[in-house]
Amino acid sequence: MAKKIIATGYGDPADVLAVTDVDVPSPGPTDVVVAVRAAGLNPYDVKLVRGVMGTKPEKLPLSLGAEVAGVVHAAGAESGYRAGDEVVVYPAAAALAEYVLADADRVHRKPADLGFAEASSLLLAGVTAVDTLATLGVTGDDVLLVHGGAGAVGSIVVSEAVAAGATVIATASDRNHDHLRESGAVPVAYGEGLAEAITEARDGKRVTGVIDTVGTDEAIDVSLDLVAPHRIVSVAAWGRVDDGIVVVDGSSEQSRHHRRAAVEPLLEDAASGRITVEIARTFGFDDAAEAFDELLGAHPRGKYVFEPK
């Protein structure tokens, strides 16, 4: 038997999260069973548990976690993997567990120079970031404004845009400004005076594109004063699509193509240090509810990572 975290209902994680015993999965011909070393926790998981994404009783109990890194425990004869291989699974299902079953087309070899915790926390945010950059067509000629530049998606947007040669201005709280400077961006604080701060930061240059990872009206309103709506790509501002901005979520064929093509380069970039994945906290079976509560509130910059223990 093996352990797995589930949600038995919708609501406060302390009330609905539970650890259950399940059978260790067996692989089919093209399947891989991965012994989990680390799994990334994302805001989506927390919103799912709290019922923000819906409260259909037929979906209970909920399995949680969408990205994982570990070691192949067993593999189907047609999978291309064998026991002992170090891998990353994305997209994964039911990753907050001791073992994960995945089709081989969702399994990727983990670079030796990339830690399990970092590998488990890279791809969901990473492919989203690359999707926004590819949708906007960012090049070294761009002056790019990034809303939420210190977040999981925004920090990768900043790193990749700077590496492409773009000039990057990024919004974040004051405590993250040094981090953004170290990443090569010009930081500005969101809130009152944002438009003026951006004007000062761009130093006479014209902003040519905006990537929004926060979805606030403030971010979109300021952006619409700088660029045409089609030059604003957001992952969160669904309430503003009537303004003509572009929202990406992996549902279109173009978006899916961008995300599929991004996986291997992202793993290579993280292994080389071009992208840094910061780990804010690790947690196990016993303190999962606490970690879920923290993630939607004020918490340190970086990813929350589940490690079976």
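So, here's what we can say about the structure. None of the values given here were measured: they were computed from a predicted structure. (Residues numbered from 1 in each chain as written. Predicted model: local features only at pLDDT ≥ 70, side-chain atom pairs only at ≥ 80, totals over all residues. Heavy atoms only, no water.)

Section: the nonpolar core
Of all hydrophobic cores here, the largest spans 42 residues; its most connected members are L122, L123, L144, V157 and L266. Listing elements by their share of this core, those giving two or more residues are β5 (68-75), α3 (116-120), α4 (123-136), β9 (143-147), α5 (152-163), β10 (167-172) and α9 (253-272). Looking at this core, the element that brings in the most residues is α4, giving six residues. Residue contacts for V157: discarding those within four places in its chain leaves A129, T132, L133, L144, V146 and I211. Formed by 34 residues, the second largest nonpolar core is a distinct cluster that contains V16, V34, L64 and V72. (Core = buried A, V, L, I, M, F, W, Y, C linked by side-chain atoms within 4.5 Å. Buried < 20%, exposed > 50% of the residue type's maximum accessible area, 1.4 Å probe, protein only. Helix = DSSP H or I, 4+ residues; strand = E, 2+ residues; numbered from the N terminus. Contact = heavy atoms within 4.5 Å.)

Remarks on the pairing of strand β11 (residues 186-189)
As judged from the four bridges shared by β10 and β11, these two strands associate in the parallel manner. Bridge pairing links A172 to A189 in β11. Chirality of the crossover, the property in question, places the unit of β10, helix α6 (residues 177-183) and β11 among those that are right-handed. (Pairing = 2+ DSSP bridges. Right-handed = clockwise from strand over helix to strand, strands pointing away.)

Observations regarding the pairing of strand β6 (residues 86-89)
When β5 meets β6, the two strands line up antiparallel, connected through four bridges. Bridging across to β6, V71 finds its partner in E86. As defined by bridge partners, β6 adjoins strand β8 (residues 107-109) across three bridges and the pair is classed as antiparallel. Looking at β8, one finds that V89 is bridged to V107.

Quick word on α9
The terminal C-alpha atoms of α9 lie 30 Å apart, and with 20 residues this matches the ideal 28 Å at 1.5 Å per residue to within 8%. Of all the positions in α9, only S255, H258, R259, A262, V263, L266, L267, D269 and A270 are classed as buried. On the buried face of α9, the contacting elements are β6, β8, α4 and α5. Of the residues one or two after α9, G273 is the one with positive phi, at around 95 degrees. (Expected span 1.5 Å × (residues − 1).)

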